[in-house]
Amino acid sequence: MAAPMTIEPSELPRGPFPVRQRIVALVVTQFVVFVGLLTVLGLWPADVGGRGVVLVLLILMTMALPVALAVIAAPIVRHVESLERQLDDTLQLYGRARSDALLDGLTELGNHRAFQEELARQLVHAERHGTPLCLLVIDVDDLKRVNDERGHAGGDALLVAVGRLAMTHVRRSDRAFRVGGDEFAILLPQATVEDGLVIARRMLAGAVGGGVPGQPIAPFSLSIGVSAYPAPTTEKHLLYRHADAALYWGKRHGRTTVVSYDPGKHGTAVDERSVPEIAAAVTQIIAERGLRPTYQPIFSLNSGDVVGFEGLVAPVDASLFPNASALFAGAESADRTVELDMACLATVARGVGALPEQAYLSVNISPRTLESEHFQPSELRTIFGRHGIAPDQLVLELTERQEVKDLEQLRRNVAACRKAGMRIAADDVGAGNAGLRLLSEVQFDVVKIDLSLVQGGILHDPDHAVLRALQELAARWNASVVAEGVETPTQLAVVRDLGIRAGQGYLLSRPARDVRAIRIDPDALIASGTDIVILDDDEDRSAA
């Protein structure tokens, strides 16, 4: 950027009088001379000679004063023109400085500040004129891996490619921004959610295809959340939060996806507190043990005996967080996930009591905890050991709330847990490609098939190809398979016919406050033939 324009002292008016004093002196001098000559002329006796001389002087002064005025005013005008030029230069420099302040230097898109200003303007315009406004929030998957493998220059090249991709697929009226390290946003005036989904899918296809034509790059992955005002987001100030909620859900369920905001799926209650306030609320829950446990039985689909229990938690005080999903989202934004993880594990251990014979306890643990270099399996042995739960009774379900950032460290900690006698489960497999990728990266003892695949796969895949493939893959690894979300007799019949030997879901048993040795009759449940889908309760479905 050019150096700021300054006014040199040599360019300012010189002499004993500044500009304002010069103008005042000129006006006063003109007034005094005219008044003096007119007074002399008025008082001059008519019979005394010389009156004509005064009249001539008055006429000469009338003609001379404008010339004198012009001569005196000329340097003033020059100084004023110089100041005006410098003011124009200063305004241009200010404009360029403001543009630079609103521009991302790497991608040449608008930055976070520009996005906030444009979002506010577009929302006012949409409300005033009754037109829709669509927002895309885009996250670059695996940027850390690219930085590790190709260096930061490779990461920068990837971000530039995303910027080019955004500019290629948007309309002339749309605006694209880089709002964070690996996060982008696109505002689409007069566009609905359906319009936004079209553009988002084109961008995702371009990323997987290796960028824009003529400027290829190695294929990469994007996760995109889409929302719009006034539908489905009726509150304009929540537009960004809803698009971000859809993005977050997509990343949790596999990434490389486009997700439109759904109030029923992604929640209507949005936490508008500041990060310090959220952090304080999470800290309060941890310090005051503000969590309550529930336990969902896992059954053998052949014998009907209970083989295990999944420990779940929910916040006690709904005024702090309405459910576990909101709690973990808040903990992630406040960087308190590991502390909350350990508090949830302690809560589940305290409430479990005596496990039935041959049953195991399955608990959820986030990648962030297993990625920590300070994590020790001995911590888990201590937490559960004081409540009589042996390591070989413990199954750690690796959740996908956050992206895996340090795969090698995670592998080391997983191996240490297995060496200590614990088993490791891959949770929510089939919800997206993230769980499938982890299957090839980490050795698992249990594969839990996501409820969306158990339910949706049965409805939309008559051959059940994906379910069969996952079951066969787990069999080759000698891993057990658990079907999650079994809610109808048809689903139970299909998963059992596929050879899946264990399952959990509302058809079999709802979560309970305690652990009990119960038994079901799978044949009787299948014979009932009543396919009534039981709506889920997010409070009890949410994992620890």
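Residues numbered from 1 in each chain as written. Predicted model: local features only at pLDDT ≥ 70, side-chain atom pairs only at ≥ 80, totals over all residues. Heavy atoms only, no water.

1. Observations regarding the packing of aromatic side chains
Item 1. Counted according to the given criterion, the structure contains 2 aromatic pairs.
Item 2. Plain terms: the ring middles of phenylalanine 115 and phenylalanine 177 are 5.4 Å apart, the flat faces sit at 65 degrees to each other, and that makes the pair edge-to-face. Residue phenylalanine 115 is found in helix H3 (residues 112-129), and its partner phenylalanine 177 is found in strand S2 (residues 175-178); the two are separated by 62 residues along the sequence.
Item 3. With a relative accessible area of 0%, phenylalanine 115 lands in the buried category. (Phe/Tyr/Trp six-rings, centres within 6.5 Å; stacked < 30°, edge-to-face > 60°. Helix = DSSP H or I, 4+ residues; strand = E, 2+ residues; numbered from the N terminus. Buried < 20%, exposed > 50% of the residue type's maximum accessible area, 1.4 Å probe, protein only.)

2. Considerations on the sheet that holds strand S4 (residues 222-229)
Across a sheet, strands are paired by hydrogen bonds formed along the backbone, either parallel or antiparallel in direction.
Item 1. Pairing is mixed in the open sheet, where 5 strands are placed in the order S2-S3-S1-S4-S5. With one partner strand each, in any of the chains shown, S2 and strand S5 (257-260) form the two edges of the open sheet. Neighbour-to-neighbour, the strand axes of the sheet open up by a mean angle of 15 degrees, direction not taken into account.
Item 2. In this sheet, S4 lies alongside strand S1 (residues 133-140) in antiparallel orientation, the contact comprising 8 bridges. Bridge assignment links aspartate 139 to a residue of S4, and that residue is serine 223. (Pairing = 2+ DSSP bridges. Axes fitted to C-alpha atoms, helices over the stretch in contact; angles between N-to-C directions.)

3. As for unusual backbone geometry
Item 1. Following tyrosine 229, the chain continues into proline 230 via a peptide bond in cis, with omega recorded as 10 degrees.
Item 2. The topology assignment puts proline 230 in the loop between S4 and helix H6 (239-252).
Item 3. Cis rather than trans, the peptide bond between alanine 231 and proline 232 has omega equal to 5 degrees.
Item 4. Tracing the sequence through the fold places proline 232 in the loop between S4 and H6.
Item 5. Of note in this structure, glutamine 190 is not a glycine but carries a positive phi near 55 degrees.
Item 6. The exposure class assigned to glutamine 190 is exposed, which follows from its relative accessible area of 52%.
Item 7. Here glutamine 358, not a glycine, exhibits a phi torsion of approximately 70 degrees, which is positive.

4. A few points about a nonpolar patch on the surface
Item 1. On the surface, Val24, Val28, Phe31, Val32 and Val35 cluster together into a nonpolar patch covering about 450 Å² of accessible area.
Item 2. Considering the arrangement of structural elements, one finds valine 24 in helix H1 (residues 19-43). (Patch = residues over 30% accessible without salt bridge, like charges linked within 9 Å, V, L, I, M, F, W, Y side chains within 5 Å. Areas by Shrake-Rupley, 256 points an atom, 1.4 Å probe, with all protein chains shown as cover. Salt bridge = Lys/Arg side-chain N within 4 Å of Asp/Glu carboxyl O.)

5. Quick word on the side chain of aspartate 427
Item 1. Locating aspartate 427 in the fold gives a position in strand S10 (residues 423-429).
Item 2. One buried charged side chain, aspartate 427, makes no salt bridge at all; its nearest oppositely charged neighbour is lysine 448, positioned 4.8 Å away. (Lys, Arg positive; Asp, Glu negative; His and termini not counted.)

6. Some words on the sheet that holds strand S7 (residues 306-315)
Item 1. The strand order around the closed barrel built from 8 strands is S6-S7-S8-S9-S10-S11-S12-S13, with neighbouring strands paired in mixed fashion.
Item 2. Where strand S6 (residues 291-300) meets strand S13 (residues 502-503), 2 bridges bridge the pair, whose relative direction is antiparallel. Counted as the bridge partner of phenylalanine 299 is glycine 503 from S13.

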